[in-house]
Amino acid sequence: MELYHQKVGCKGSKASIKEEEIKLKPVIAFDVGISSFLTFFLSTPILAEIRERDWCNVVTCHMDTAQAYVWRLQNFVIGEHILTPSLENQTAVKACAISACGNFAVIGTAGGWIERFNLQSGISRGSYVDMSESRSCAHDGEVVGVACDSTNTLMISAGYHGDIKVWDFKGREQKSRWEIGCPVVKILYHRSNGLLATVADDLIIRLFDVVALRMVRKFEGHVDRITDMCFSEDGKWLLSSSMDGSLRIWDVILARQIDAIQVDVSVTALSLSPNMDVLATTHVDQNGVYLWVNQAMFSGASGFDSYGSGKAVVSVKLPSVSSKEDSEECRDPDKPVVNHSQFQDSSRLDRQIPDLVTLSLLPKSQWQSLINLDIIKARNKPIEPPKKPEKAPFFLPSIPSLSGEVLFKASDSSNQETGTKADEAGKTAKGPGSPESDFLKQLHSSAQMNDFSAFTDYAKGLSSSTLDMELRMLQIIDDDDEHEPEARPELHSIELLLEYFIHEISCRDNFEFIQALISLFLKIHGETIRRQSKLQEKASRLLEIQSSLWQSVDKLFQSARCMVAFLSNSQF
């Protein structure tokens, strides 16, 4: 157990004992509070954060060990109590669970015995016995898993021979029982929706509704032993991995597979972050933890494509551990490439529905960074300037490696002079008021056609730093030509941007993106607008339309808040 490895060497040297003799045997199962950082990588969170600071909040089962150990994660030390089942013929502890309140721990043994302990005192609080069994125990065979519901009302246990039992948590009486028909190897319980997922030797994942006491879903697709399962935080997805190298995502509501990938090295364990944006996996003979990004969280709703749907499985490579490997994988022709160009933005309708406000379908991080760009720049600012190397060579090398790639290429002076003259001629032909960047070109062309849809799509494709740079390039630094707006082409571009904002707000499209862009625009050009009377008229018009739109949106929010408050206080 890694929690105790920091002081094992010191204690062993003081007692003249080898470090291997102090360490416990390998951990085969454990439950831990949700606020700990280990749950993100290793297992499904157990909601025991209420009491985790008062006493131990981690319970572990070890290989061929007849006791369960408790740990205090806050101090990274082992607890003062050892949970030992009250049996004469003790067998190894195979499963454990912590109650939702954090006061109790339930452990199951290889002999079918299930017992409940108080975590604060370590005292036994009773055992669960099925009188219909041939001997005094909970299951006839090994206890594969135990789980507790969110209200300390039910306790669920699974036996190796395929029997799933639901017990009264306090009274310790059996309430119901299911027979799967084949040996059970793993169970997973989601407290929010009350669903129990089971894995059997027939490679079928079955979902049981513990409240309704019946089976509700069955998922088939794996062709080898299923190694791990994981529910999403909202309980709508179920992720499963297998020794066949596949990782599948099942939609619990639609009862079908929504994604599937195949990796070269089989997945042994997986865990999805509470925000559902990152998936962590471990693999056979691999010491590291591999991280996968959820495409649905970082692209539009229709801007990504799943790897496999239905029964399709697509082979992908494991995430790389260096940027060099990542760049090589990007050039790999065998790697599946997600084509984003085939998806079109469907948020802009030919005829806008009255009083309908649409969103841009952009990732939340993209438009939020526009508002907090100053904070991001301050956070990313280096603490100290780069230091000069101690032994820097006098001559810089012309090749970075033995591959023969030339770093500095000699440029032809004649070609350079010709290019310079051509650029100067082009600038003269364009005139001082012509747009220079693609951003301004798109803005001017859209204004001429009175259709800003192309400009909106172009702006949505730019990064936050690029948008900030484009807007700051229009900033007027000096005030020499304050009374001559015609000599200021930047004022014309600022006026077009105000017209663009008025048009987009009137159309009620891309609401959150336009609001973030207006916030950044006013932060940069607010002083310029205040000094120019012509721009003040446009800004007043923008304020009028913005106020009208926000009143309608706030009215919708207020209706939703009232409905939620009414349903929350109702007694059904």
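Residues numbered from 1 in each chain as written. Predicted model: local features only at pLDDT ≥ 70, side-chain atom pairs only at ≥ 80, totals over all residues. Heavy atoms only, no water.

Participant: Help me out: how do you make sense of the sheet that holds strand β12 (residues 174–179) in this one?
Facilitator: Pairing between sheet strands relies on hydrogen bonds along the backbone, with the strands arranged either parallel or antiparallel. Strands sit in the order β9-β10-β11-β12 across an open sheet of four strands; the sheet is antiparallel. Across the chains shown, the open sheet's two edge strands, defined by having one partner strand only, are β9 (143–148) and β12. Recorded for the sheet is a direction-independent mean angle of 15° between the axes of neighbouring strands. Across five bridges, β9 lies against strand β10 (residues 154–159) in antiparallel orientation. (Pairing = 2+ DSSP bridges. Helix = DSSP H or I, 4+ residues; strand = E, 2+ residues; numbered from the N terminus. Axes fitted to C-alpha atoms, helices over the stretch in contact; angles between N-to-C directions.)

Participant: Which parts of the structure should I look at to understand the packing of aromatic side chains?
Facilitator: What characterises a pair of aromatic rings is the spacing of the ring centres plus the angle enclosed by the ring planes. Under the criterion given, the structure shown has ten aromatic pairs. Relative to Phe169, the ring of Phe104 has its centre 5.9 Å away and its plane inclined at 70°; by these criteria the two rings are edge-to-face. Placement of Phe104 in strand β6 (residues 104–109) and of Phe169 in the loop between β11 (163–168) and β12 is noted, with a sequence separation of 65 residues between them. Given the relative accessible area of 2%, Phe169 is considered buried. Ring centres of Tyr128 and Trp167 lie 5.8 Å apart, and the angle between their planes is 70°; on these two criteria the pair is classed as edge-to-face. Taken together, the residues Tyr128 in strand β8 (residues 124–128) and Trp167 in strand β11 connect sequence positions 39 residues apart. Each member of the pair, Tyr128 together with Trp167, is buried. Put simply, the rings of Phe439, Phe452, Phe455, Tyr500, Phe501 and Phe521 pair up and form one aromatic cluster. Taking NZ or CZ as reference, Arg116 lies 5.2 Å from the ring centre of Phe104, over its face. (Phe/Tyr/Trp six-rings, centres within 6.5 Å; stacked < 30°, edge-to-face > 60°. Buried < 20%, exposed > 50% of the residue type's maximum accessible area, 1.4 Å probe, protein only. Lys NZ or Arg CZ within 6 Å of the ring centre and 35° of its normal.)

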